[in-house]
Amino acid sequence: METRSKITVILAVVLILITGFVYGQDRAISPNQLPKTAKNFLAVNFKGVTAGSVIEDREIYGVDEYKVRLANGMKVEFDSKGNWKEVDGEHQKVPYGFIPANIRNYIAKSFPNTHIIKIERKSWSYKAELSNGIDLEFDKNGNFKRIDD
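Residues numbered from 1 in each chain as written. Predicted model: local features only at pLDDT ≥ 70, side-chain atom pairs only at ≥ 80, totals over all residues. Heavy atoms only, no water.

**Remarks on the nonpolar core**
And then number 1: Counting residues in each nonpolar core, the largest one holds 28 residues, and the members touching the most others are Phe41, Leu42, Phe78, Val87, Ile107 and Ile116.
And then number 2: Looking at this core, the elements that each hand over two or more residues are helix H2 (36-45), strand E3 (62-70), strand E4 (75-79), strand E5 (84-88), helix H3 (101-110), strand E6 (116-121), strand E7 (125-130) and strand E8 (135-139). (Core = buried A, V, L, I, M, F, W, Y, C linked by side-chain atoms within 4.5 Å. Buried < 20%, exposed > 50% of the residue type's maximum accessible area, 1.4 Å probe, protein only. Helix = DSSP H or I, 4+ residues; strand = E, 2+ residues; numbered from the N terminus.)

In structure tokens:
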């Protein structure tokens, strides 16, 4: 192998390693560094529960999301603007205040002896996991779509 191609290979490997370190850096931040929307969400829905840890998940183009582990064991994920993406009660009932009424009402009527232990919000849908292990999908307006297995 020529010296020139050896140098090219070495430079390519170094570039790949550097990109890996820059792309996808997670770092711990203080709860006060969360976007205002996220801080308000926590204050309203988890009143009196402190944040055990806050991780800022950074991508090459900026902050991708925030991951908060609360002192009660629950986890909350926010997008870069501080809007909630997922609330995981870790087998505990999640607060219902932020969950669309259609979803709350459907679950109360169709699954009366259960509660939501995890809810995920995507661009076009919601996914709720119940305490009995059933996963439900709803459209972006909170209308029931299907049981997800």
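The discussion continues.
**Quick notes on the packing of aromatic side chains**
And then number 1: Applying the stated criterion across every chain yields a total of ten aromatic pairs.
And then number 2: Centre to centre, the rings of Phe41 and Trp84 are 6.4 Å apart; their planes meet at 20°, and the pair counts as stacked. Linking Phe41 in helix H2 with Trp84 in strand E5, this pair joins segments that are 43 residues apart in sequence.
And then number 3: Its relative accessible area of 10% is what places Phe41 among the buried residues.
And then number 4: Feature note: the residues Phe41, Phe46, Phe78, Trp84, Phe98 and Tyr126 constitute an aromatic cluster, connected by ring pairs. (Phe/Tyr/Trp six-rings, centres within 6.5 Å; stacked < 30°, edge-to-face > 60°.)

**Some points on unusual backbone geometry**
And then number 1: For Glu90, which is not glycine, the phi dihedral falls at a positive 50°.
And then number 2: With respect to the secondary-structure elements, Glu90 resides in the loop between E5 and H3.
And then number 3: With phi around 75°, His91 is a residue other than glycine that occupies positive phi space.
And then number 4: Along the chain, His91 turns up in the loop between E5 and H3.

**So, the side chain of Thr114**
And then number 1: When you line up the elements, Thr114 lands in the loop between H3 and E6.
And then number 2: Residue Thr114 is classed as buried on the basis of its relative accessible area, which comes to 18%.
And then number 3: Looking at Thr114, its side chain comes within polar contact range of the main-chain oxygen of Phe111, at 2.8 Å.
And then number 4: With residues up to four places along the chain from it excluded, the contact list for Thr114 reads Ile107, Leu130, Ser131 and Asn132. (Polar contact = N/O pair within 3.5 Å; in protein donor to acceptor, adjacent residues only side chain to side chain. Contact = heavy atoms within 4.5 Å.)

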